[in-house]
Amino acid sequence: MPAVPNFQAEVRQMLYNRILDAAHALVCAEGWQAVNMSRIAATVGVSRQVLYKEIGAKQALGEALVQRETTRFITGVITAIQSHPDDVAAGLAAGAAFTLHSAADDPLVTATLAPENNAEAGLTPLLTVGPTPILAGAIEAMAAA
């Protein structure tokens, strides 16, 4: 008999995704400095207390946002590489092409790396610092692929 979906877990995942979607939209429109928990809570339609319970402080929100986007990106690169199972060079070329096109077209990358945004105060440090740097995890996933 298949497992019955856990309604509460599904609702929490939906809320989590909506929080990250709201943060993504705000970062893309105004930069990381414009993100505050009150604005995110209002956009999602929950109280700040619920927001803090689900995601934590602004630092945790940034880490979750960067992690989600990194996972999406790495999945795309791996899929592109694996689309050429019999030709390593073609697979690497496809992965590189995906990387360049994705970076050029991604509004979050543009917002994060824009010259008017202070890299020290933005999302960039989340890629390389912390107990488990996201960049290290991305490198590990790519090496495994």
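A brief look at the structure comes next. Each residue is numbered by its place in its chain's sequence as written, counting from 1. With the structure being a predicted model, the display of local features is reserved for residues of pLDDT at least 70 and the display and counting of side-chain atom pairs for 80 or more, all residues being used for whole-chain, interface and lining totals. Side-chain numbers here rest on the full set of heavy atoms in the structure, without hydrogens or water.

### Structural notes on the packing of aromatic side chains
When two rings of Phe, Tyr or Trp (its six-membered ring) have centres within 6.5 Å they constitute a pair, described as stacked for plane angles under 30 degrees, edge-to-face for angles over 60, and tilted for the intermediate range. Under the defined criterion, the tally for this structure stands at one aromatic pair. Of note, Lys58 hangs over the ring of Trp32, and the distance from its end group to the ring centre comes to 4.8 Å. A positively charged side chain is recorded as over a ring if its NZ (Lys) or CZ (Arg) lies within 6 Å of the ring centre. The angle to the ring normal must also be within 35 degrees.

### Section: the pattern of salt bridges
By salt bridge we mean one thing: a side-chain nitrogen of Lys or Arg within 4 Å of a carboxyl oxygen of Asp or Glu. Evaluation of the coordinates by the stated rule reveals five salt bridges. Its salt-bridge partner being Glu54, residue Arg12 comes within 3.1 Å of it at the nearest N-O pair. Placement of Arg12 in helix α1 (residues 7-30) and of Glu54 in helix α3 (residues 48-55) is noted, with a sequence separation of 42 residues between them. Burial classes follow relative accessibility: with a 1.4 Å probe on protein chains only, a residue under 20% of its type's maximum area counts as buried, one over 50% as exposed, and anything between as partly exposed. Residue class for Arg12 comes out partly exposed when judged on its relative accessible area of 46%. When the shortest N-O distance is used, the salt bridge between Glu69 and Arg72 registers 3.4 Å. Here Glu69 and its partner Arg72 are both found in helix α4 (residues 58-82), three residues apart, which amounts to about one turn of the helix. For Glu69, a relative accessible area of 13% gives the class buried. Classification of Arg72 by relative accessible area gives partly exposed; the value is 49%. Helix and strand assignments follow DSSP, with helices taken as H or I runs no shorter than four residues and strands as E runs no shorter than two, numbered in order from the N terminus.

### Overview of the nonpolar core
Nonpolar side chains tend toward joint burial in soluble globular proteins. With 22 residues, the main nonpolar core has Ile19, Val27, Ile40, Ile55 and Leu61 as its most contacted residues. Put simply, the parts of the chain that give this core at least two residues each are α1, α2 (37-44), α3, α4 and α6 (107-113). With near-sequence residues (within four places) excluded, Ile55 lies in contact with Tyr16, Ile19, Leu20, Met37, Ala60, Leu61 and Ala64. Nonpolar cores were defined as sets of buried Ala, Val, Leu, Ile, Met, Phe, Trp, Tyr and Cys residues, with membership established by side-chain atoms within 4.5 Å. Contacts are assigned to residue pairs with any non-hydrogen atoms lying within 4.5 Å of each other.

### As for the side chain of Glu54
We classify Glu54 as buried; its relative accessible area is 18%. In contact with Glu54, not counting residues within four places along its chain, are Arg12, Leu15, Tyr16 and Ile19.

### Thoughts on the side chain of Glu69
N or O atoms within 3.5 Å of each other form a polar contact, as long as, within protein, one can give a hydrogen and the other can take it, and as long as residues adjacent in sequence are counted only when both atoms are side-chain atoms. Of note is the side chain of Glu69, whose polar atom sits 3.3 Å from the side chain of Arg68. Apart from residues lying up to four places away in sequence, Glu69 is in contact with His24, Asp106 and Leu108.

### A closer look at the packing of α1 against α3
In this analysis, axes come from line fits to C-alpha atoms, helices being fitted only over the stretch in contact, and the angle between any two N-to-C directions falls in the range 0 to 180 degrees. Contact geometry of α1 with α3 gives a least axis separation of 11 Å together with a crossing angle of 100°. The angle between α1 and α3 places the two elements in the roughly perpendicular class. Here Arg12, Leu15, Tyr16, Ile19 and Leu20 of α1 lie close against α3, whose contacting residues are Val50, Leu51, Glu54 and Ile55. Oblique is the label for any angle not under 35 degrees, not over 145, and not in the 65 to 115 range, which are roughly parallel, roughly antiparallel and roughly perpendicular in turn.

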